Amino acid sequence: MSEQALLKLDEAELRGLLDGRWANIRERARDVIQGEQFAPVHGLSMEDHRARTLKQLMALTETGMPAYGFPESVGGTDDIGASVVAFEMLVADMSLMVKMGVQFGLFGGAIKALGTDEHHQKYLPDVMTVALPGCFAMTETGHGSDVQRLRTTATYDAESGEFVVHTPDESARKDYIGNAARDGRMAVVFAQLRTPDGEGGLIEHGVHALMVPIRSKKGKPMPGVTIEDCGPKAGLNGVDNGRLWFDGVRVPRTSLLNRYGDVAADGTYSSPIENQNRRFFTMLGTLIRGRISVAGGAGTATKASLAIAIRYADTRRQFTRPATDSRPEQEVRILDYLAHQRKLLPALARTYGLHFAQEELVTRLHELSKAEERDEHAQRELESRAAGLKAVATWHATETIQTCREACGGSGYLAENRIPQLKADSDIFTTFEGDNTVLLQQLTKGLLTNFKDSFGDLDQLGLARFMAGKVFETVIERTAAIPLIDRLIAAAPGRDEASLYNRGWHLELFEDREKHITEGLAGRLRRAKKDGSDAFEVFNRAQDHVLAAGRAHMDRVVLEAFVAGIDRCGDKSTAKLLNRLCDLYVLSVIEEDRAWFLEHERLSTARTKAVSAAVNDLCRGLRPYAVQLADAFGLRDEWLGAPIALGAEERRQEVQQADERAERQAQGQKA
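Residues numbered from 1 in each chain as written. Predicted model: local features only at pLDDT ≥ 70, side-chain atom pairs only at ≥ 80, totals over all residues. Heavy atoms only, no water.

Asker: Can you explain unusual backbone geometry? Please cite residues and give values.
Answerer: For Asp78, which is not a glycine, the phi torsion comes out positive at approximately 55°. Along the chain, the position of Asp78 falls in the loop between helix H3 (46–60) and helix H4 (80–88). Look at Asp78 and you get partly exposed, because its relative accessible area is 25%. (Helix = DSSP H or I, 4+ residues; strand = E, 2+ residues; numbered from the N terminus. Buried < 20%, exposed > 50% of the residue type's maximum accessible area, 1.4 Å probe, protein only.)

Asker: Give a detailed account of the nonpolar core, specifying residues and quantitative values.
Answerer: Membership of the largest hydrophobic core comes to 171 residues, with the highest contact counts inside it found for Phe190, Tyr352 and Ile590. Apart from residues lying up to four places away in sequence, Tyr352 is in contact with Leu14, Leu18, Phe562, Leu578, Leu581, Leu629, Ala632 and Phe633. Residues Val165, Ile214, Val225 and Phe246 belong to the second largest nonpolar core, which totals 23 residues. (Core = buried A, V, L, I, M, F, W, Y, C linked by side-chain atoms within 4.5 Å. Contact = heavy atoms within 4.5 Å.)

Asker: Describe empty space enclosed by the protein, naming the residues involved and giving the relevant values.
Answerer: Scanning all chains against the criterion turns up seven cavities of 30 Å³ or more. Here the second largest cavity defines a volume of roughly 140 Å³. What lines the second largest cavity is a set of 15 residues, and nearest its centre among them are Ala295, Gly299, Leu354, His355 and Gln358. Contributing elements (two or more residues each) for the lining of the second largest cavity: helix H8 (288–315), helix H9 (338–370) and helix H10 (376–407). The residue makeup of the lining of the second largest cavity, split by class, is four nonpolar, seven polar and four charged. (1 Å grid on protein atoms, 1.4 Å probe; cavity = no way out; pocket = protein on both sides within 12 Å on 5 of 7 lines; lining within 4 Å. Points joined across faces, edges and corners; volume = space filled by probe spheres on them. Nonpolar A, V, L, I, M, F, W, Y, C, P; charged D, E, K, R; others polar.)

Asker: Please give an account of the packing of aromatic side chains that cites residues and values.
Answerer: On inspection of all chains with the given rule, the structure shows eight aromatic pairs. An aromatic cluster is built from Phe356, Phe562 and Tyr585, whose rings are joined through pairwise contacts. The aromatic ring of Phe510 is capped on one face by Arg513, whose charged end is 5.3 Å from the ring centroid. One cation-aromatic arrangement involves Arg607 over Trp505; the distance from NZ or CZ to the ring centre is 4.6 Å. (Phe/Tyr/Trp six-rings, centres within 6.5 Å; stacked < 30°, edge-to-face > 60°. Lys NZ or Arg CZ within 6 Å of the ring centre and 35° of its normal.)

Asker: Residue-level account of helix H7 (residues 276–285), with values.
Answerer: Considered for burial, the residues of H7 that qualify are Arg279, Phe280, Thr282, Met283 and Gly285. Summarising the contacts, the buried residues of H7 are in contact with helix H5 (94–114), strand E6 (202–213), strand E11 (269–270), H8 and H10. For H7, the N-terminal cap is Asn275; the gap from its side-chain oxygen to the backbone nitrogen of Asn277 is 3.0 Å. (Polar contact = N/O pair within 3.5 Å; in protein donor to acceptor, adjacent residues only side chain to side chain.)

Asker: Any chance you could break down the packing of H4 against H9 for me, citing the residues and the numbers?
Answerer: The N-to-C vectors of H4 and H9 enclose an angle of 145°; their axes lie 8 Å apart at closest approach. Contacts between H4 and H9 involve Ile80, Gly81, Val84 and Glu88 from the former and Gln358, Val362, Leu365, His366 and Ser369 from the latter. Along the lines of polarity and charge, the residues of the contact of H4 with H9 split into four nonpolar, four polar and one charged. (Axes fitted to C-alpha atoms, helices over the stretch in contact; angles between N-to-C directions.)

Asker: Describe the environment of Glu376, listing the residues and the values that go with them.
Answerer: With respect to the helices, strands and loops of the structure, Glu376 is situated in helix H10. For Glu376 and Thr282, which are 94 residues apart along the polypeptide, the C-alpha to C-alpha distance reads 9.1 Å.

Asker: I'd like a rundown of the confidence of the model for the protein chain, residues and numbers included.
Answerer: It should be kept in mind that the predicted coordinates are not to be read in detail where pLDDT is low. Chain-level statistics for the protein chain give a pLDDT mean of 91 and a share of 93% at 70 or above. Note on residues 469–474: pLDDT is under 50 here. Beyond four places in sequence and across chains, it has 16 contacts. (pLDDT = per-residue confidence, 0-100.)

Asker: I'd like to hear about the pairing of strand E8 (residues 242–246), residue by residue, with values.
Answerer: E8 sits mainly inside the fold: five of its five residues count as buried. The alternating pattern of E8 places Gly242, Leu244 and Phe246 on one face and Arg243 and Trp245 on the opposite face, and all of these are buried. Pairing of strand E4 (residues 174–177) with E8, which is carried by two bridges, proceeds in the antiparallel orientation. Looking at E8, one finds that Lys174 is bridged to Leu244. Here strand E7 (residues 225–229) pairs with E8 via five bridges, running antiparallel. (Pairing = 2+ DSSP bridges.)

Asker: Pulling in residues and values, what's your account of the environment of Leu338?
Answerer: Of note, Leu338 is situated in helix H9. With relative accessibility at 27%, the residue Leu338 sits in the partly exposed group. A C-alpha to C-alpha distance of 9.4 Å links Leu338 and Asp617, two positions 279 residues apart in sequence. The contact partners of Leu338, leaving out residues within four places of it in the chain, are Asn616, Cys619 and Arg620.

Asker: Explain a negative patch on the surface to me, and be specific about the residues and the numbers.
Answerer: On the surface, Glu329, Glu331, Asp659, Glu660 and Glu663 cluster together into a patch of negative charge. By the element assignment, Asp659 lies in helix H23 (residues 648–670). (Patch = residues over 30% accessible without salt bridge, like charges linked within 9 Å, V, L, I, M, F, W, Y side chains within 5 Å. Areas by Shrake-Rupley, 256 points an atom, 1.4 Å probe, with all protein chains shown as cover. Salt bridge = Lys/Arg side-chain N within 4 Å of Asp/Glu carboxyl O. Lys, Arg positive; Asp, Glu negative; His and termini not counted. Charge placed at Lys NZ, Arg CZ, Asp CG, Glu CD.)

Asker: Which residues make up the pattern of salt bridges, and what are the values?
Answerer: Counted according to the given criterion, the structure contains 44 salt bridges. Here Arg151 makes a salt bridge to Asp169, at a shortest N to O gap of 2.3 Å. Taken as a pair, Arg151 in the loop between strand E1 (134–137) and strand E2 (153–157) and Asp169 in the loop between strand E3 (162–166) and E4 lie far apart in primary sequence, 18 residues in all. The exposure class assigned to Arg151 is partly exposed, which follows from its relative accessible area of 36%. With a shortest N-O distance of 2.7 Å, Glu228 and Arg243 are connected by a salt bridge. In this pair, Glu228 sits in strand E7 while Arg243 sits in strand E8, placing the two residues 15 residues apart along the sequence. Its relative accessible area of 34% is what places Glu228 among the partly exposed residues. Note on Arg243: relative accessible area 15%, which makes it buried.

In structure tokens form, the structure reads like this:
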């Protein structure tokens, strides 16, 4: 019997550890998100699904959940962390999750972050009750990721004291805007702000946000506003995505969300941040909650899919194990097959690591929101971390949910078993709130130490030029439990002597890989100046290196968060089991990237083979706990909603066995 088989999992301790700081919010969600109104459904028409999602959103206003992220001055609880955690829990219908995010996180969040107290008092109470349903109109057809170059304009007319919001061409139409096609009445519109220069020309001030009515209370488009439905999507059809055009739409001067930039009645522009680039990235940075929420939502979809697939694999039997003297012939549970364990258990281990990393990120977001003074370095570090975690968490969701679908065979393809819907609904998470490839590049920029003070102020060309003239020094910044991590690394034995299960060696190995990749990237960028190459082309040719640096960094971040999470566990046996799960995370990452470790002589061929053998051993040892580990996240059976995860397979087998017994009895009687 393996060492792991002797361990006892304390389910209450593990649930408390995973629920974390906002355990009460998670429990509140489990209490109120239940019943027919919130149960998963499939096969609805697009219009019926949209109507149902709006009704669900209205029902949420009775639970108090929308108030979490809003100021106390307007009836909220000013708990940003709670607002993100509540969003994560709405996995029963991810259209509701996204609809909630649009209304309270994006629309309401933009008003809170970019507006002043006047805007808060005027709009936020109605946002919280959905008396004012709204949109977040940033993305344009021609510019999705490159927000700084949006083409919608907001030109100030000093004579009337109004802004004129205009869509100059088709590429500038607002696209994929949630709440626009059906329900929204107001939009936070991001546009290039322009004021008169006094000589007949205009001064450009960069992207700002304005409150623009798009529908009347009767649901009719406002004058000058054209609205078009984006139509059916692969998933999330309960969310009414639409397109918006503005033809000289006039709004009062006070419609400008003016925390970071204001226009006086005479057209004079003022801002507490003089530099236009820095002002833009500061404004965008205040909206980081949406990106962090998406990472959490993707994580919950992953957890739900794994819970369904692992429960099914624990009951579904396929192919016969030959009889022995001590055991009759019987069909084998598919989770007993190593190949099946390798599909699901490394993914479960990474999901645990990402969960702890998400908790750290939400905690940091919450703490910075409470700070009396803005800490620029901490804020930019948060933005970098959010970019990276969103990318790796959503990619992990897409890959894992597909794996779960395959692991469930034909049953996983049936709509009633939820996985197809989870796959369709979460797939867009890889590109909304920032395309993942762009986000990993953003993260890597933040890893270049000397670049931190200018992070966000330079484009790719500027970055290449900046790096060409700098002496680079890699600094590994700890993410959590600093004394613990340092102590583990200090105690790590030499590279070749370390046990494959030594945590200090794991941490040191991941740090070394990150440092080596990032330093190599910096060297490539520096050569842009030395060899006279075009700076942009040098950066462009190094994009594979840029992405590798971002991934290596996030692997380390997730590992450190996992280690810190285990350290908080109060039950030794449970902590020991979590350590084995963490081992599986580490060794499966090493196995995936073994080419790098071999090419750079960090591991010998024999040691990489030993890593694969260890992954096999860990999968076998963790198999008895797989269902408990998947269920520990506390997703209600009702939210999973999949018959194959809720006893249908067991019942089918019981009927089959009863029929076989009856047949044997009948044959015996004939004999």
